[in-house]
Amino acid sequence: MALIVQKYGGTSMGSIDRIKNVAKRVKRWHDNGHQVVVVVSAMSGETNRLIDLARQISSQPDPREYDQMVSTGEQVSISLLAMAIKELGIGARSFTGRQVPIRTDSSHNKARIESIDDKNIREQLDAGNIVIVAGFQGIDDEGNATTLGRGGSDTTGVAIAAALGADECQIYTDVDGVYTTDPRVTSKAKKLEKITFEEMLEMASLGSKILQIRSVEFAGKYGVPLRVLSSFDENTDGSFDQEFQDNVGTLITIDEGDNMEQAIISGIAFNRDEAKILVRGVPDHPGIASAILSPIGRANIEIDMIVQNLSDNGTTDFTFTVNRTDLDKTLKVLNEEVKNEIGAKEISGNSEVVKVSLVGVGMRSHAGVASLMFQTLAENNINIQMISTSEIKVSVLIQDQHLEKAVKSLHTAFGLDREDGESKIAGL
């Protein structure tokens, strides 16, 4: 018997029929002798509906009251699922974040989990019941409802799995695992059986939308085995077929070294939400980077890639990227607070760019990854505008019109199309 924590998102809980199918899936695990805790999100679209209601009252709703309201969406979901499970003849008990309780700090709309009391959950599990917990929410020291931010149900699931010492945390979503890249870009993308926490964290931060970054960080910190599975692999009559029986999704786990036949590159991530800022003709002297970037930081704008060109006649060009939604705000800050202060000749922005990244722990022990990447892009007439590297990733900024061609060509060059994973890196 294993203790399993399962998390279902809004799409999986999007209708009464889908909630009934989740109940049947959970029953199957229970019937096989496992203890099951289920963490659920609000029904698809419900949180957005509640947010819209708040915005109709105030453009900047009071944070406490905002959390008090938007946390009700999950309360509906847990009750409906508990009812559906009971209709199948199995005991079930639902808990809000307050009832568990899940203790958080008081940072409304973006609270962080501080502790989880597992007493109530364990009592219900020991009584043979399935436990359903509201994701995305908790309670602070003053008894106020708090929310964890968008995608917070993933973090709730992982945190509960860590508190209970669960054998596995399963994240059910609308895809059947983590792929080498987005299958919508190349049909040759392959599902990964395993990927390390480090790689998944990089892919999540670089544009992969499968898991919330905080949930991966939490799982890695507490060593919670994390598995991504599909919640849409049952027959239309609700019965489970062999495909479901064989669906093992993707396991996200620690680096197992030689025991894990790790490819050099595990995946290719990309991010369309990039914008490039160019500050041209700035004096080349100590402190100039701080003079440019500090006002950006004070405006709460996150900076990604940074390049400073070589000095020419005492001046240099400074280039960096921000989220595309922050482009206009960044240009405003630079023009109003920076340009005249530092004597910059020109400030411009470009939103027609994308970031493409190779990710893999195999880079630590194999040279030639960056050179093959650059060679492959050159052979496809794709110009590289910026480059950023770390121990297990190489990222480039390119024109957005070349995204699909870049991903497809790199996927082939690094052997991700092939069953044997053979790449063109010399000597491999």
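Residues numbered from 1 in each chain as written. Predicted model: local features only at pLDDT ≥ 70, side-chain atom pairs only at ≥ 80, totals over all residues. Heavy atoms only, no water.

Naming follows an unreviewed UniProt entry, where the protein appears as Aspartokinase of Psychrobacter glaciei. The record held by UniProt for the protein lists under Catalytic activity (unreviewed entry) the comment "L-aspartate + ATP = 4-phospho-L-aspartate + ADP". Under Sequence similarities (unreviewed entry), UniProt gives the following word-for-word description of the protein: "Belongs to the aspartokinase family." (UniProt positions renumbered as here; feature names shortened; annotations may be inferred.)

Student: Residues and numbers for the environment of Leu192, please.
Tutor: With respect to the element layout, Leu192 can be found in the loop between β9 (168-173) and β10 (194-196). Sequence separation between Leu192 and Met1 is 191 residues, and the spatial gap between their C-alpha atoms is 26 Å. Ignoring anything within four residues of it in the chain, the contact list for Leu192 reads Val178, Tyr179, Thr180, Gly249, Thr250 and Ser266. (Helix = DSSP H or I, 4+ residues; strand = E, 2+ residues; numbered from the N terminus. Contact = heavy atoms within 4.5 Å.)

Student: Tell me about the sheet that holds strand β13 (residues 267-283), and please be specific about residues and values.
Tutor: Think of a sheet as strands paired side by side through backbone hydrogen bonds, with each pair either parallel or antiparallel. Strand order across the open sheet formed by six strands is β14-β15-β13-β16-β18-β17, with antiparallel pairing between neighbours. Since the sheet does not close on itself, it has two edges, and those belong to β14 (303-308) and β17 (386-390), each with one partner. Averaged over all neighbouring strand pairs, the angle between strand axes comes to 30 degrees, with direction disregarded. Where strand β16 (residues 346-359) and strand β18 (residues 393-399) come together, seven bridges link them in antiparallel fashion. Bridge pairing in β18 links Lys355 to Leu397. (Pairing = 2+ DSSP bridges. Axes fitted to C-alpha atoms, helices over the stretch in contact; angles between N-to-C directions.)

Student: Break down the side chain of Lys355 for me, citing the residues and quoting the values.
Tutor: Considering the arrangement of structural elements, one finds Lys355 in strand β16. Polar side-chain contacts of Lys355 include one of 2.5 Å to the side chain of Asp304. Sequence-distant contacts of Lys355, that is, excluding residues within four places in its chain, are made with Leu206, Ala269, Phe270, Asn271, Glu274, Asp304, Met305, Ser395, Val396 and Leu397. (Polar contact = N/O pair within 3.5 Å; in protein donor to acceptor, adjacent residues only side chain to side chain.)

Student: Lay out the nonpolar core with the relevant residues and their values.
Tutor: Counting residues in each nonpolar core, the largest one holds 40 residues, and the members touching the most others are Val5, Val37, Ile121, Val133, Ile160 and Leu226. The contact partners of Val5, leaving out residues within four places of it in the chain, are Val37, Val39, Gly157, Ile160, Ala161, Leu164, Ala166, Glu168, Cys169 and Gln170. (Core = buried A, V, L, I, M, F, W, Y, C linked by side-chain atoms within 4.5 Å. Buried < 20%, exposed > 50% of the residue type's maximum accessible area, 1.4 Å probe, protein only.)

Student: Give a detailed account of the packing of helix α1 (residues 16-31) against helix α4 (residues 72-87), specifying residues and quantitative values.
Tutor: A pair of packed helices can be characterised by two numbers: the angle between their axes and the separation between those axes. As a packed pair, α1 and α4 sit with axes 9 Å apart at the nearest point and diverge in direction by 55 degrees. When the interaxial angle is binned, α1 and α4 end up oblique. Of the two elements, α1 crosses α4, and the hand of that crossing is right-handed. For the pair formed by α1 and α4, the contact residues are Ile16, Ile19, Val22, Ala23 and Val26 on the first element and Leu80, Leu81, Ala84 and Ile85 on the second. Each residue belonging to the contact of α1 with α4 can be placed in one class, and the counts come to nine nonpolar, no polar and no charged. (Parallel < 35°, antiparallel > 145°, perpendicular 65-115°, else oblique. Left-handed = near helix turned anticlockwise from the far one by under 90°. Nonpolar A, V, L, I, M, F, W, Y, C, P; charged D, E, K, R; others polar.)

Student: Residue-level account of the pairing of β14, with values.
Tutor: Examined bridge by bridge, β14 and strand β15 (residues 315-323) share four bridges and lie antiparallel to one another. Looking at β15, one finds that Gln308 is bridged to Phe318. With antiparallel pairing between neighbouring strands as the criterion, β14 and β15 make up a hairpin whose turn holds six residues, including Asn313 at a positive phi of roughly 55 degrees.

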